[in-house]
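Remarks on the overall topology
Read off the chains here:
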Amino acid sequence: MENNKILGSEAIIKCLLEENVETIFGYPGGAIMPVYDALFHYMDKLNHILVRHEQGAIHAAQGYARTSGKTGVVFATSGPGATNLITGLADAMIDSTPVVCITGQVASHLLGTDAFQETDVVNISTPVTKWNYQVTSAEEIPMVLAKAFYIANSGRPGPVVIDIAKDAQQSLLDFSYEKCNFIRSYQNKYEPDEDSINQAAQLINNAKKPLVLFGQGVILAQAEKEFKEFIEKAGLPSAWTLLGLSALDSNHPLNVGMLGMHGNYAPNLLTNQADVIVAIGMRFDDRVTGDLKRYAKQAKVIHLELDPSEINKNVHAHVPVLGDCKISLQKLLPLINKNNHSDWRNEFAKLHDLEVEKVIEDDLNPKGETLNMAEIINKLNQISEGKYVIVTDVGQHQMITCRYAKFSETRSNITSGGLGTMGFALPAAIGAKLGDKKRTVIAIAGDGGFQMNIQELGTIAQFGIGVKMIILNNSYLGMVRQWQEMFFDNRYSFVNITSPDFPAVAKAYGIKGKTISKREEVEGALKELFADDEAYLLEIKVGRELNVFPMIPTGSAVDECRLQ
């Protein structure tokens, strides 16, 4: 390792290079200016994307991490620069996304004096980070950043904030760097217990009505191959959480659809009939379980999970299997018997046919002139062939897209799951595209969510990022309006939202776009959207008061799923 005196600001840049960082999303300011000055001399080695708002930076870093599998990196200044990251940190924390945020801070002798743009970033961010630390001495920088990258992308991934005082950035240190691969107090690896593996295999082999529930843990563990072999050998019907989508080909015969509030009818109803539930890399979120007191009480639950805090947190696991699900599945595979479960799988098929009759047929082939979100997504499937990355915002369009979009490749569905952050899609799509430049990336948003971070059109324009954007515009905050219709006696309280001429706004940034509202325009507009590799914004006017079904009302059991 080299040993030479350099400024703390340059040490930060060198640490990033040692961690093989290629892309940074950030916004400069006074307290982090020394770092940006050091970055000036490394622009040939690091790609910095100047966003238009710090929230855009962290969402972009999330999108980058989700498609690339690497750790996203963010620069922000002190005070408002740092606090603007909080929403994204909370989003990354609950969705297990590895991000390292480096924030500038006032000089150490000013800490606690209410200096200009001083905020207590460590205490503010503690609840929404996996780890954070304030650096007040230049000598700490290499060790702290090595720990930051190790913690962010090991075990269950998550966000880390490193707050670095300005004087630490401007002081000299003898630089040497050693990657971190162990922290004594940090336990992130668990070897699956052999007894638990054997018990799980026995339960699966004896099951008459088994059901697999899989989440993003399969993707994070890079266990897609093992998972597919596992369910195929035992003939296990498998349903996905919102973040588990794309871990298994949408057209796989054992893929029985989405769980949860707006999930598919069959997996929701039959959760309360299954005799064995195998939960893999998912956390039994309330949107999946509905009323916990009436959730799967008849089933023996096997939970393959990396994070011990998730086991028995919401649903009791009769057989907990703690550890990386890739390893757990490898150990389970030789112990489970070949099976088909054809009678049980037919139950899913019957309920799916009912959902087609009551919901899906009308969604995909609506009567009348009004465009439906689902038919747009169905047309998109014909073009994408399941190979595009789709980044959704939050709302009705998100549920419709996740219900109807088809995926044949993993790491293709990027959405804000646990936090439900409006404004996520546009910046996250920027990061997703930079994380996997070879794939087509589409941001799908509602008219409300798109306006929350519309300024990131400037980032797309400045850096020539070929993101495709679809705005499904119903002139409402659609999901809130649906709840107000169903549960608040049609009292539409402040959900009617007006929007700018979106293509005109895009044009102001030099981005092509158009608006359509007729069915006969859809196919041609989508072909135009994907005609080249440049950014393009397509606004589609859809029905104003269309609802998303099926739906499990809040407080209901999963088998009280409503088709209308």
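Residues numbered from 1 in each chain as written. Predicted model: local features only at pLDDT ≥ 70, side-chain atom pairs only at ≥ 80, totals over all residues. Heavy atoms only, no water.

With respect to the pattern of salt bridges
What the rule picks out here adds up to 27 salt bridges. The salt bridge involving Glu409 is made with Arg439; its shortest N-O contact spans 3.5 Å. On the criterion of sequence distance, the pair formed by Glu409 in the loop between α17 (396-404) and β16 (413-414) and Arg439 in the loop between α18 (425-435) and β17 (441-446) is long-range, its members being 30 residues apart. Of the residues examined, Glu409 reaches a relative accessible area of 29% and is grouped as partly exposed. (Salt bridge = Lys/Arg side-chain N within 4 Å of Asp/Glu carboxyl O. Helix = DSSP H or I, 4+ residues; strand = E, 2+ residues; numbered from the N terminus. Buried < 20%, exposed > 50% of the residue type's maximum accessible area, 1.4 Å probe, protein only.)

Comments concerning the sheet that holds β17
Taking strand neighbours across the sheet as the criterion, the 6 strands line up as β16-β15-β17-β18-β20-β19 in an open arrangement whose pairing is parallel. This sheet does not close on itself; its edge strands, each paired only once, are β16 and β19 (512-516). Where strand β18 (residues 468-473) lies against strand β20 (residues 536-541), 6 bridges are found, and the strand directions are parallel. Each bridged residue has a counterpart across the sheet, and for Lys468 the counterpart in β20 is Tyr536. Packing of helix α16 (residues 373-384) onto the sheet brings it into contact with β15 (389-392), β17, β18 and β20, and relative to β17 it is tilted by some 175 degrees. With respect to the sheet, α17 is in contact with β15, β16, β17 and β18, its orientation differing from that of β15 by roughly 155 degrees. (Pairing = 2+ DSSP bridges. Contact = heavy atoms within 4.5 Å. Axes fitted to C-alpha atoms, helices over the stretch in contact; angles between N-to-C directions.)

Describing the packing of helix α15 (residues 342-364) against α17
For the pair α15 and α17, interaxial distance at closest approach is 13 Å and the crossing angle is 110 degrees. Judged by the inter-axis angle, α15 sits roughly perpendicular to α17. Handedness of the crossing formed by α15 with α17: left-handed. Between α15 and α17, the residues in contact are Glu355, Val359, Ile360, Asp363 and Leu364 and Ile400, Arg403 and Tyr404, respectively. Residues of the contact of α15 with α17, tallied by class, amount to 5 nonpolar, no polar and 3 charged. (Parallel < 35°, antiparallel > 145°, perpendicular 65-115°, else oblique. Left-handed = near helix turned anticlockwise from the far one by under 90°. Nonpolar A, V, L, I, M, F, W, Y, C, P; charged D, E, K, R; others polar.)

Topic: the confidence of the model for the chain
Of the residues in the chain, 99% have a pLDDT of 70 or more, and the chain-wide mean is 97. Mean pLDDT across the secondary structure elements of the chain bottoms out at strand β1 (residues 4-7), with 92, and peaks at strand β4 (residues 72-76), with 99. (pLDDT = per-residue confidence, 0-100.)

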